[in-house]
Amino acid sequence: MNYERAMRVALERAKFGATASGDVPVGAVILNKAGEIVSFGSNQRELLKDPLGHAEIVVIKAAARSIGSWRLDECTLVVTLEPCVMCAGAIMAARIPRVVFGAWDEKAGAAGSVWDLLRDPRSLNKVEVITGVLESSPTVACPSGLRSAPRKRVLGKLNRGFKSHRHRHLLDSKKPLNTPSGDKEDCLKNYFL
C-alpha cells in the first residue's frame, strides 16, 4: 500500500495544529483495512493543556470512537514523527498492527531510534514499522525546526542554573569529562537529554 497520500494529510494536520495552538508540529492519521482515513489529528498538548495530547493518542481515541471498538487491529497509524514511549504503549494497547512514520525522533523515539518498544520480541503485540515515508520532504525531516528548538530550550534552562547543586560541577568543572570528545557541552547533552 502507498502511504504517501496519508502522510500528506498528516503533514497538513501537523501544520494546522502548530498554527492553531503553537504546539510541536506532529500530525497523524489512522487508516482502516481498505486504506480509508478513519481519523486524523495533531498535537494538542498546548491547546488542551494536556500532557497526553500527542497526535497519536488523539487519533487513536478518535478512531476507537469512530469504529466503536478499542481494538484497532485492522488499522494502520501514519504519523509524521516516530512515536515516543507513551504513544508506543498506546499503539500496542490499541492492537494497531502497523505504524508508518516519516522522520526519526533521535531524542525520544520508541520505534527504533532511542528505544524499540514496538518491535521488542518480549511484547505481546507485534507491530510492523514502516519508516521513511516522505522523509526527504523538508516538512517531514524538520517540520518548523522540530529538531533544533527543543534542544536549545532545554540547554538554555540548564545553562541558567540547576534545581539541584549536585550537578553544577558539570558546568563549572575544569577537569576533563568522561565523554568521547571530552567536550563539556557533549556531556550535558548526553547526561540530561
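Residues numbered from 1 in each chain as written. Predicted model: local features only at pLDDT ≥ 70, side-chain atom pairs only at ≥ 80, totals over all residues. Heavy atoms only, no water.

It is worth spelling out the sheet that holds strand E4 (residues 98–103) at this point. A sheet is described by the order of its strands in space; here five strands give the open sequence E2-E1-E3-E4-E5, paired in mixed fashion. Bordering the open sheet on either side are strand E2 (37–42) and strand E5 (128–131), each of which pairs with just one other strand. Between one strand axis and the next, the sheet turns by 15° as a mean value, whatever way the strands run. Where strand E1 (residues 27–31) meets E2, five bridges bridge the pair, whose relative direction is antiparallel. Note on E2: the bridge partner recorded for Val-29 is Phe-40. Lying on the sheet, helix H1 (residues 4–21) is in contact with E1, E2, strand E3 (76–81) and E4; it crosses E1 at an angle near 140°. Contacts from helix H3 (residues 55–67) reach E1, E2 and E3 within the one sheet, and its direction differs from that of E2 by about 150°. (Pairing = 2+ DSSP bridges. Helix = DSSP H or I, 4+ residues; strand = E, 2+ residues; numbered from the N terminus. Axes fitted to C-alpha atoms, helices over the stretch in contact; angles between N-to-C directions. Contact = heavy atoms within 4.5 Å.)

Scanning the entire structure with this criterion turns up five salt bridges. Put simply, Glu-4 and Arg-8 hold a salt bridge, and the shortest N to O gap is 3.9 Å. Taken together, the positions of Glu-4 and Arg-8, both in helix H1 and four residues apart, correspond to about one turn of that helix. Judged by its relative accessible area of 47%, Arg-8 falls in the partly exposed class. Of the charged contacts, one joins Asp-120 and Arg-122 as a salt bridge, the two residues approaching to 2.7 Å between their closest N and O atoms. Asp-120 gets classed as buried once you look at its relative accessible area, which sits at 15%. (Salt bridge = Lys/Arg side-chain N within 4 Å of Asp/Glu carboxyl O. Buried < 20%, exposed > 50% of the residue type's maximum accessible area, 1.4 Å probe, protein only.)

Our next topic: H3. With 13 residues, H3 ought to run about 18 Å at 1.5 Å a step, and its terminal C-alpha atoms sit 18 Å apart, in line with that. Those residues of H3 that fall on the buried side of the exposure criterion are Ala-55, Glu-56, Ile-57, Val-58, Val-59, Ile-60, Ala-63 and Ala-64. On its buried face, H3 sits against E1, E2, E3 and helix H4 (85–93). The first or second residue beyond H3 is Gly-68, which carries a positive phi of 90°. (Expected span 1.5 Å × (residues − 1).)

Those residues of H4 that fall on the buried side of the exposure criterion are Cys-87, Ala-88, Ala-90, Ile-91 and Met-92. Considering only its buried residues, H4 is in contact with H3, E3 and E4.

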